[in-house]
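What the coordinates show
Spelled out, the chains give:
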Amino acid sequence: MAGMNAKRIEILGVPVDCVTMQDAVATAEQMIAGERPAGYIMAVNPEKVVSASSDPAILGQLRSAALLIPDGIGIVIAARLFGLAHLSRVPGAELMPRLCEMAARRGYPVFLYGAKPEIIQEAASALQRDFSGLRIAGTQHGYVTAEEMSALVERINASGAKLLFVALGSPRQENWMARHFSQLTTICVCQGVGGTFDVLSGRIARAPRFFQILGLEWFYRFIKQPTRLPREINRFRFGFRVLRRWLAALFTRLRVTNTK
């Protein structure tokens, strides 16, 4: 069970942990301190729920994660509609800096893997600028062949890093973590961070605060990148499935009430 006294619920058959940002950081600290088993952190969003519903491998990866953060606003709304939990978003793009701040404060070295060569270096520089004393034990861009993977795993282990951030995009990063985490001997916390290195590098800007507050960060990204349309289609599929289930539950309650 992830989180501090947190429960794990399911949205359309896909698990997610009822944690706040503070809970997520505290859980990572416990994992590094050996108070909880080491593991990887995955973000749960509407697109991933739709993918997992038709792909047992993705669902298995999610179920084996040490922590499943409610990354998407759709997950938060669905949990509330179904009466499962009063969730708040824990965006992966915000969790990573919080973990780096904790790592800098505690002296835990981190390793960065993914993105283009110039982007990962810019992201590393930005993190060290923002978090004084942060020890970046190593970096590796995302263009690693299958033949080079064992050498990368060895280099991560040799670095002594306690936290590993993987930015390969979904589902590549989830596949990588599920396949290789057991081979990482020093890593206690591994987080899939998607395009966060691009944001840290300054190459891509996050949505304005207005969009973030309203839960419309996905809409802003779609406007800026229309090529995201296939992903957004899954978002609408998720919304339709949530609404259909909620209406079915509502009609059931109404029928029960009318028969009394």
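Our subject is the structure that appears above.
To start, this report covers the structure provided alongside it.

Rules used in this analysis
Residues numbered from 1 in each chain as written. Predicted model: local features only at pLDDT ≥ 70, side-chain atom pairs only at ≥ 80, totals over all residues. Heavy atoms only, no water. Pairing = 2+ DSSP bridges. Helix = DSSP H or I, 4+ residues; strand = E, 2+ residues; numbered from the N terminus. Axes fitted to C-alpha atoms, helices over the stretch in contact; angles between N-to-C directions. Patch = residues over 30% accessible without salt bridge, like charges linked within 9 Å, V, L, I, M, F, W, Y side chains within 5 Å. Areas by Shrake-Rupley, 256 points an atom, 1.4 Å probe, with all protein chains shown as cover. Salt bridge = Lys/Arg side-chain N within 4 Å of Asp/Glu carboxyl O. Buried < 20%, exposed > 50% of the residue type's maximum accessible area, 1.4 Å probe, protein only. Core = buried A, V, L, I, M, F, W, Y, C linked by side-chain atoms within 4.5 Å. Contact = heavy atoms within 4.5 Å. Right-handed = clockwise from strand over helix to strand, strands pointing away.

Remarks on the sheet that holds strand β4 (residues 67–70)
The parallel open sheet is built from six strands, whose spatial order is β4-β3-β8-β7-β5-β6. On the outer flanks of this sheet lie β4 and β6 (136–140), each paired with one strand and no other. Averaged over neighbouring strand pairs, the angle between their axes works out to 15° when direction is ignored. Examined bridge by bridge, strand β5 (residues 110–114) and β6 share four bridges and lie parallel to one another. Of the residues in β6, the one forming a bridge with Val 110 is Ile 136.

A short note on a nonpolar patch on the surface
Together, Leu 243, Leu 247, Phe 251 and Leu 254 line one region of the surface with nonpolar side chains, adding up to about 340 Å² of accessible area. Its location among the elements puts Leu 254 in helix α12 (residues 229–259). With relative accessibility at 44%, the residue Leu 254 sits in the partly exposed group.

A look at the nonpolar core
Soluble globular proteins: nonpolar side chains tend toward being buried together. One finds Ile 11, Tyr 113, Leu 164, Trp 176 and Phe 238 to be the most contacted residues of the largest nonpolar core, which totals 41 residues. If we skip the residues at most four places from it in the chain, Phe 238 touches Ile 11, Leu 12, Pro 46, Val 49, Val 50, Gly 74, Ile 75 and Ala 78.

A look at the pairing of strand β7 (residues 163–167)
For β7, a buried count of five out of five residues is recorded, marking the element as mostly surrounded by other parts of the structure. The pairing of β5 with β7 spans five bridges and is parallel. Residue pairing in the sheet places Tyr 113 in a bridge with Val 166 of β7. Relative to strand β8 (residues 189–192), β7 runs parallel, the two sharing four bridges. Among the inter-strand pairings, Phe 165 is bridged to a residue of β8, identified as Gln 191. Handedness of the crossover joining β7 and β8 through helix α8 (residues 172–180): right-handed.

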